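# Understanding the architecture of this molecule
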Amino acid sequence: MATKAPEFQATALEAIPKIASLARGQFRTHKTKNVEWRKTQLRKLYWALEDFKPQLVEALKSDLGKSSFEALLTEVDWVKKDCMWMLDHLDSFVKDQKLGSPDVPATYSIMNFRVKKEPLGTVLIIGPYNYPIQLLLCPLVGAIAAGCTAVLKPSELTPACAMWTKELIEKRLDSGSFSVVNGAIPETNALMAEKWDKIFFTGSAQVGSIIAQKAAQTLTPVVLELGGKNPAFITKNCGNLALAARRLLWGKTQNAGQVCMSQNYVLIDKDLVPTFIEFLKVAYKDMFPNGAKASPDLSRIVNKRHFHRIKKMLDDTQGKIVMGGELDESELYIEPTAVLVNSVNDSMMQEESFGPIFSIYPVNTLDEALNIANLIHKTPLSLFTFVLNEMTSGGATINDGFFHGAVNTVPFGGVGDSGWGAYRGKASFDSFTHFRTIAETPGWAEKLIRVRYMPYDFKALAFLNRLTEKSPNFDRSGKVIKGFGYWIKFLFGLGGKSAKGAFLRWLVVLVAHYMYTNRS
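Computed from a predicted model, the values in this text were never measured in an experiment.

The subject of this paragraph is the layout of surface pockets. When its volume is computed, the largest pocket comes out at roughly 1,300 Å³. Around the largest pocket, the lining comprises 45 residues; the ones closest to its centre are Gly-203, Ser-204, Ala-205, Gln-206 and Val-207. Among the elements of the structure, helix H7 (185-192), strand S6 (198-202), helix H8 (205-216), helix H11 (304-316) and helix H12 (347-350) are those that each provide at least two residues to the lining of the largest pocket. Here the residues of the lining of the largest pocket are counted per class, giving 18 nonpolar, 15 polar and 12 charged.

We now examine the side chain of Glu-70. Along the polypeptide, Glu-70 turns up in helix H4 (residues 68-94). Among buried Asp, Glu, Lys and Arg side chains, Glu-70 stands out as unpaired, with Lys-66 the closest opposite charge at 5.1 Å. Once residues within four sequence positions are removed from consideration, Glu-70 is found in contact with Glu-75, Thr-253, Gln-254, Asn-255, Asp-297 and Ser-299.

Taking 1.5 Å as the rise per residue, H4 with 27 residues should run 39 Å; its terminal C-alpha atoms sit 36 Å apart, in good agreement. Along its length, H4 shows its largest kink, about 45 degrees, at Asp-88.

This brings us to the nonpolar core. In terms of nonpolar packing, the biggest core is built from 60 residues, with Leu-45, Leu-49, Ile-125, Leu-137, Leu-140 and Ile-169 touching the most fellow members. Taken together, the elements giving at least two residues each to this core come down to helix H2 (35-51), helix H3 (53-64), H4, strand S3 (122-126), helix H5 (134-146), strand S4 (149-153), helix H6 (159-172) and strand S5 (178-180). In contact with Ile-169, other than residues within four places in its own chain, are Leu-45, Leu-137, Leu-140, Phe-178, Ser-179 and Val-180. Ala-245, Leu-248, Leu-272 and Ala-292 belong to the second-largest nonpolar core, a separate cluster that totals 25 residues.

Once that is clear, we can look at the UniProt feature "active site" (unreviewed entry) in the protein. UniProt records the feature "active site" (unreviewed entry) for Glu-225 in the present numbering. Following the sequence through the fold, Glu-225 ends up in strand S7 (residues 222-225). Those residues in contact with Glu-225, other than ones at most four positions away along the chain, are Phe-200, Phe-201, Thr-202, Gly-203, Phe-412, Gly-413, Gly-414, Ser-418, Gly-421, Ala-422 and Tyr-423.

Let's shift gears to the environment of Glu-7. By secondary structure assignment, the location of Glu-7 is in the segment before helix H1 (16-28). Sequence separation between Glu-7 and Met-163 is 156 residues, and the spatial gap between their C-alpha atoms is 7.6 Å.

Any two aromatic rings considered together are summarised by their centre-to-centre distance and by the angle between their planes. With the rule as written, the count across this model stands at nine aromatic pairs. Taking the centre distance of 6.0 Å and the plane angle of 25 degrees together, the rings of Trp-37 and Phe-178 count as stacked. Here the residue Trp-37 occupies a position in helix H2, and Phe-178 occupies one in strand S5, the gap between them amounting to 141 residues. With relative accessibility at 14%, the residue Trp-37 sits in the buried group. By relative accessible area, which is 1% here, Phe-178 ends up buried. A centroid spacing of 5.6 Å and a plane angle of 40 degrees characterise the contact between Phe-93 and Phe-429, whose relative ring orientation is tilted. Placement of the pair is Phe-93 in helix H4 and Phe-429 in helix H14 (residues 426-431), with a sequence separation of 336 residues. Owing to a relative accessible area of 7%, Phe-93 belongs among the buried residues under this scheme. Here the basic side chain of Arg-424 rests over the ring of Tyr-423, its NZ or CZ set 5.8 Å away from the ring centre. Note that Lys-426 overlies the ring of Phe-93, its terminal NZ or CZ placed 5.6 Å from the centroid.

Calculation notes
- Residues numbered from 1 in each chain as written.
- Predicted model: local features only at pLDDT ≥ 70, side-chain atom pairs only at ≥ 80, totals over all residues.
- Heavy atoms only, no water.
- 1 Å grid on protein atoms, 1.4 Å probe; cavity = no way out; pocket = protein on both sides within 12 Å on 5 of 7 lines; lining within 4 Å.
- Points joined across faces, edges and corners; volume = space filled by probe spheres on them.
- Helix = DSSP H or I, 4+ residues; strand = E, 2+ residues; numbered from the N terminus.
- Nonpolar A, V, L, I, M, F, W, Y, C, P; charged D, E, K, R; others polar.
- Buried < 20%, exposed > 50% of the residue type's maximum accessible area, 1.4 Å probe, protein only.
- Lys, Arg positive; Asp, Glu negative; His and termini not counted.
- Salt bridge = Lys/Arg side-chain N within 4 Å of Asp/Glu carboxyl O.
- Contact = heavy atoms within 4.5 Å.
- Expected span 1.5 Å × (residues − 1).
- Bend = angle between axes of the 7 residues up to and from the residue.
- Core = buried A, V, L, I, M, F, W, Y, C linked by side-chain atoms within 4.5 Å.
- UniProt positions renumbered as here; feature names shortened; annotations may be inferred.
- Phe/Tyr/Trp six-rings, centres within 6.5 Å; stacked < 30°, edge-to-face > 60°.
- Lys NZ or Arg CZ within 6 Å of the ring centre and 35° of its normal.

Given below as structure tokens:
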């Protein structure tokens, strides 16, 4: 099979309603509810990725200048591992969840309460350009596992990846159940005109708000994986400044910094700034001994529009470039660049770089740093620090750059205006699943539920309350009352806060007693 991608071709607008209708029709056959069918699709996707690996690696090089190492590590092999992990755990995910104590009172235990995991239906997945394989197909893994049918919309900014993805999906997976629509704004608008059971969008906050508004018109739930102006904090307590510099520089070099989780700026104690900059230069030299431009590992910016967007941030800054700064439009090359700034209004602080550039802002105190970070973006997608309680973010990494997003089996998502919802690992399955609560009321239980029928009987209500209500252990001011019952529980539980804790403490006591009485 040739590795050069077919010429990019947008899907005909008139074909899009038929594609969506076919996907909905396939879901209505109920074949996707069969767990073995889902597993078969995941296996087919795994082998499609393996068989199309040369084409996808070449496409990623063509679209983003991405090295084969990053193409495999962060794209193709990433999704393959996702398929394998989901196959290993799908049987446990789809099982009904029995509901007992503490969710269901003992009074109603005979009603056989349980949660059934059901697919949402037909979903639309819209992918971004920065990781055009991973961020489009990993949500698809979750959709397949949950039993949904799906239509995928790759980014038009990575045309080679989009065309190979279309061939990969439509030739290898169940026909009609999974389809790819290629194109730009007109094709996306046509897709948004269709009715979906969920929309999964990864991209900019600007486009995400448009998606959310359109989805709201039909009460369609959405997952939004957006971005943000992510802060990194370095305080006087930093134990290894050289390591901090190396790890933060890594965050702006992978995929040429076109990573929604990488830091936009570093808030650093002013006394550490000179040393930190020197360590950045050392880390740069270690990563790029012959210079970044000559490195076979550094990606390029996706297109000229984004090249000029990043260049404008550097052109408009009032700060000082302390590392990097070289640009070459003919290659869409931007050198990893650090800029020392002294104003929160600087272009390097106010704009999301989404590229290999970041700012360094000296601060006097941690409180000052937190105030600045909250002023710039209150709910970023990521933050890198040891102070977790003072800021809200989608995720956080301590002593590193975005490692919370570097493992494909743990939940990942934003908060506030950096995103809604999460996926990866079990969260991917959950994202496309309806958790349906089911109860079965036996015919012989009629006397037990007599209380609900008219004419109402307050004696029956009082009896029900005695069975289901719990007396508060606190007063009207919210203070816990440590009465007789509390101390009895404390004494017999040896201070344990749960039955398990009490059991373990008693076990320790009994073992200690046994050893003492049987000592030689």
